[in-house]
Amino acid sequence: MNLTDVWLFGYGSLVWRPDFPFDEVRVATIAGWSRRFWQGSTDHRGVPGSPGRVVTLVEDPEAVCIGRAYLVDNANRAMVLRKLDFREKGGYSLRNIEVTFPENGGTKAGALVYIAGPDNSEWLGAALPDEIAEQISGSSGPSGNNDEYVKRLAGALRDIGAQDTHVFEIAALVSSLSSRRGEG
Ligand code: SIN
């Protein structure tokens with residue numbers, strides 16, 4: 001790793017669809033943050049006036065959030081960040097946060113993370129799980145149906161051994177809503 005290579009931590013769509021070149025991928029955790037479906041999406045999984053819900057991170061001192069970290073080569077860094085700044089433009093901004101690599105001896109590194117905070121214009125905030133699931137089930141946008149985002153995220157998190165009760169609860173509710181509609 002060169003000094004100017006950069007780790008990028010993904011906890012949402014970046015876990016299952018990085019869509020940029022990287023040299024290495026590792027399971028990674030960040031302490032003090034929880035993943036929540038509290039961010040509105042009007043450019044990917046919803047439309048203006050009918051937002052979907054996607055995940056962001058909220059500060060939570062006791063929590064540990066698991067995701068994937070990607071090592072981006074210095075030669076690709078500017079291009080990758082330009083691409084991701086556009087993809088994450090719906091309220092997310094970059095933070096530098098320490099990540100831990102549990103499968104690499106618990107070593108640590110600084111990583112860039114896209115987080116949508118409560119002060120952005122697409123922020124929706126907390127709601128009851130049933131309300132979140134209903135909103136997701138009825139939403140779609142240019143990147144596809146909102147329930148597909150949830151299904152893929154839950155699957156990718158299971159693949160890396162996550163125990164994320166919030167995501168798995170919403171995924172179960174969304175899936176029972178879709179079977180009730182006969183989409184199985
Ligand atoms: C991320 O995956 O790290 C950011 C949020 C998203 O694109 O779902």
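The structure under discussion appears in the preceding block.
Bear in mind the structure is a predicted one, so any value in this text is a computation, not a measurement.

The rules behind each value
Residues numbered from 1 in each chain as written. Predicted model: local features only at pLDDT ≥ 70, side-chain atom pairs only at ≥ 80, totals over all residues. Heavy atoms only, no water. Helix = DSSP H or I, 4+ residues; strand = E, 2+ residues; numbered from the N terminus. Buried < 20%, exposed > 50% of the residue type's maximum accessible area, 1.4 Å probe, protein only. Lys, Arg positive; Asp, Glu negative; His and termini not counted. Salt bridge = Lys/Arg side-chain N within 4 Å of Asp/Glu carboxyl O. Polar contact = N/O pair within 3.5 Å; in protein donor to acceptor, adjacent residues only side chain to side chain. Contact = heavy atoms within 4.5 Å. 1 Å grid on protein atoms, 1.4 Å probe; cavity = no way out; pocket = protein on both sides within 12 Å on 5 of 7 lines; lining within 4 Å. Points joined across faces, edges and corners; volume = space filled by probe spheres on them. Core = buried A, V, L, I, M, F, W, Y, C linked by side-chain atoms within 4.5 Å. Pairing = 2+ DSSP bridges. Near = heavy atom within 4 Å. Areas by Shrake-Rupley, 256 points an atom, 1.4 Å probe, with all protein chains shown as cover. Sits in = over half its atoms within 2 Å of the grid points. Nonpolar A, V, L, I, M, F, W, Y, C, P; charged D, E, K, R; others polar. Axes fitted to C-alpha atoms, helices over the stretch in contact; angles between N-to-C directions. Parallel < 35°, antiparallel > 145°, perpendicular 65-115°, else oblique. Left-handed = near helix turned anticlockwise from the far one by under 90°. Arc of directions from axis to C-beta.

**Q** Got a sec to walk through the side chain of Asp5? Specific residues and values, please.
**A** In this structure, Asp5 sits in the segment before strand 1 (6-10). We note that Asp5 is buried and unpaired, the nearest opposite charge coming from Arg77 at a distance of 7.1 Å. Looking at Asp5, its side chain comes within polar contact range of the main-chain nitrogen of Asn74, at 2.8 Å. Each residue touching Asp5, except ones within four places of it in the same chain, is listed here: Leu71, Val72, Asp73, Asn74 and Arg77.

**Q** Tell me about empty space enclosed by the protein, and name the residues and values.
**A** Counting across every chain of the model gives one cavity of 30 Å³ or more. Of the volumes computed, that of the largest cavity is approximately 280 Å³. As for the largest cavity, its lining consists of 23 residues, of which Ser13, His44, Glu88, Tyr92 and Tyr149 are closest to the centre. Broken down by secondary-structure element, the contributors of at least two residues to the lining of the largest cavity are strand 1, helix 1 (13-16), strand 2 (24-41) and strand 3 (52-72).

**Q** Quick rundown of the nonpolar core? Include the residues and the values.
**A** In terms of nonpolar packing, the biggest core is built from 54 residues, with Leu8 and Phe37 touching the most fellow members. Take this core: its biggest share by element is nine residues, from strand 3. Setting aside its immediate chain neighbours within four residues, Phe37 contacts Arg53, Val54, Val55, Gly125, Ile132, Ile136, Tyr149, Val150, Leu153, His166, Val167 and Ile170.

**Q** Quick rundown of the pairing of strand 1? Include the residues and the values.
**A** The side chains of a regular strand alternate, residue by residue, between the two faces of the sheet. In terms of burial, strand 1 is largely enclosed, as five of its five residues are buried. By the alternation rule, side chains of strand 1 split into Val6, Leu8 and Gly10 and Trp7 and Phe9, which are all buried. The pairing of strand 1 with strand 3 spans five bridges and is classified as antiparallel. When the sheet's bridge partners are listed, Phe9 is paired in strand 3 with Ala69.

**Q** Summarise the site of the ligand; cite the residues concerned and give the values.
**A** Around the ligand, the structure places Phe9, Gly10, Tyr11, Gly12, Ser13, Leu14, Glu88, Tyr92 and Tyr149. Contact distances for the ligand include 2.9 Å between an oxygen atom and a backbone N or O atom of Leu14. One of the side-chain nitrogen or oxygen atoms of Tyr149 is found 2.7 Å away from an oxygen atom of the ligand. About the coverage of the ligand: the protein hides 97% of its 250 Å² of free accessible area. According to the grid-proximity analysis, the pocket containing the ligand is the largest cavity. Of the residues that constitute the shell around the ligand, the class distribution is five nonpolar, three polar and one charged.

**Q** Give a detailed account of the packing of helix 3 (residues 129-137) against helix 5 (residues 165-180), specifying residues and quantitative values.
**A** Two numbers describe how helix 3 lies on helix 5: the axes approach to 9 Å, and their chain directions differ by 55°. Between helix 3 and helix 5, the angle falls in the class oblique. Between helix 3 and helix 5 the crossing geometry is right-handed. For the pair formed by helix 3 and helix 5, the contact residues are Pro129, Asp130, Ile132, Ala133, Glu134, Ile136 and Ser137 on the first element and His166, Glu169, Ile170, Leu173, Val174 and Leu177 on the second. Among the residues making up the contact of helix 3 with helix 5, the classes are represented as eight nonpolar, two polar and three charged.

**Q** Describe in detail the pattern of salt bridges, supporting the description with residues and values.
**A** Scanning all chains against the criterion turns up nine salt bridges. We note a salt bridge from Glu24 to Arg26, for which the minimum N-O separation is 2.7 Å. With its nearest N and O atoms 3.6 Å apart, the salt bridge here joins Glu88 to Arg87. A relative accessible area of 9% means that Glu88 is categorised as buried. By sharing partners, the salt bridges in this structure join Arg17, Asp19 and Lys83 into a single network.

**Q** Explain helix 3 residue by residue, including any values.
**A** Buried within helix 3 are the following residues: Ile132, Ala133, Ile136 and Ser137. Projected down its long axis, helix 3 shows its buried positions confined to an angular sector of 130°, all on one face. Exposed side of helix 3, more than 90 degrees from the buried face: Asp130 and Glu134 are the residues found there.

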